[in-house]
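# What the coordinates show
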Amino acid sequence: MRVEPVTYDGAVAHVVERVLTTDGTVRVLVDGHPSAGPGRFADAVAGPLRVAGRPVARVAVRDFLLARSLRLETGRRDPDALLDTWIDVGGLNREVLRSVVDRGRWLPSLRDPDTGRSTRAPYRDAPPGTVALLDGSLAVGRGLDVDLVVHLALSPATETRRTDLTDAWQLAAYGRYRREAAPERRADVVVRLDHPDRPALLRQ
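Residues numbered from 1 in each chain as written. Predicted model: local features only at pLDDT ≥ 70, side-chain atom pairs only at ≥ 80, totals over all residues. Heavy atoms only, no water.

### A look at unusual backbone geometry
- Not every positive phi belongs to a glycine, and R120 is a case in point at roughly 55 degrees.
- In this fold, R120 is placed in the loop between β4 (105-106) and β5 (124-125).
- A relative accessible area of 75% means that R120 is categorised as exposed.
- Residue A182 is not a glycine yet carries a positive backbone phi of 45 degrees.
- Looking at where A182 falls in the secondary structure, it is placed in the loop between α8 (171-180) and α9 (183-186).
- Overall, the relative accessible area of 9% leaves A182 in the buried class. (Helix = DSSP H or I, 4+ residues; strand = E, 2+ residues; numbered from the N terminus. Buried < 20%, exposed > 50% of the residue type's maximum accessible area, 1.4 Å probe, protein only.)

So this is what it looks like as structure tokens:
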């Protein structure tokens, strides 16, 4: 891969351009370790899309986790469960990613990630040309029905350094994720963010 230095805004503009050159409904996943700020990046992409006249269905993957009784069945600190079972892939596909295409509507959230209870959020309309824009972690290769994948990449050393000691158990999940899901190879756009003030695009 070729490394191309860019600014943060330049990386955002690159993704916005990719979306705007696609007609119809587009489903985008911004994936990355929490410290890479996938939510911040997705929000930055959403702004120019709205200015360009594209409706945006902004969704956080963490609002579509499985019920606590299921995702914590093997304990609160099981890295394999974190990687394999925490995300409600079926719920996200059904209520957001397929729904924006097939039913012209989307659900902004399904469950409160802390309590596991239903948020009872109402559906929202998805006009033609809507961009469903998700942010999350450990989400590539999970079977989400997306059209464009953006991965915010960090080296293992950076992930370790930026992970709070109380969350250190999660590092094993990120190690497996890197080996098995290979998000840098699967993603359509890879932005390396080891140095937030010096991001880079990885190009084939």
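### Digging into the layout of surface pockets
- Reported here for the largest pocket is a volume of approximately 660 Å³.
- In terms of lining residues, the largest pocket is bounded by 27 residues, among which R62, L65, L82, W86 and Q170 are the most central.
- Of the residues that constitute the lining of the largest pocket, the class distribution is twelve nonpolar, six polar and nine charged.
- For the second largest pocket, the calculated volume is near 190 Å³.
- Along the walls of the second largest pocket sit 16 residues, with H151, L154, R178, P183 and E184 positioned nearest its centre.
- Contributions of two or more residues to the lining of the second largest pocket are made by β2 (26-32), β7 (148-153), α8 and α9.
- A class-by-class count of the residues in the lining of the second largest pocket yields eight nonpolar, three polar and five charged. (1 Å grid on protein atoms, 1.4 Å probe; cavity = no way out; pocket = protein on both sides within 12 Å on 5 of 7 lines; lining within 4 Å. Points joined across faces, edges and corners; volume = space filled by probe spheres on them. Nonpolar A, V, L, I, M, F, W, Y, C, P; charged D, E, K, R; others polar.)

### Details of the side chain of R58
- Considering the arrangement of structural elements, one finds R58 in strand β3 (residues 56-60).
- Only 2.8 Å separates the side chain of R58 from the side chain of D43, close enough to count as a polar contact.
- A polar contact is formed between the side chain of R58 and the backbone oxygen of L133, at a distance of 3.4 Å.
- Not counting residues within four places of it along the chain, the set of residues in contact with R58 comprises G39, A42, D43, R50, W106, L133, L134 and D135. (Polar contact = N/O pair within 3.5 Å; in protein donor to acceptor, adjacent residues only side chain to side chain. Contact = heavy atoms within 4.5 Å.)

### Some words on the sheet that holds strand β1 (residues 2-5)
- In spatial order, the strands read β1-β9-β8-β7-β2-β6-β3; together these seven strands make up an open sheet with mixed pairing. In the strand order of this sheet, the two ends are held by β1 and β3, each with one partner. Across the sheet, the mean angle from the axis of one strand to that of its neighbour is 20 degrees, orientation sign disregarded.
- Relative to strand β9 (residues 200-203), strand β8 (residues 189-192) runs antiparallel, the two sharing three bridges. (Pairing = 2+ DSSP bridges. Axes fitted to C-alpha atoms, helices over the stretch in contact; angles between N-to-C directions.)

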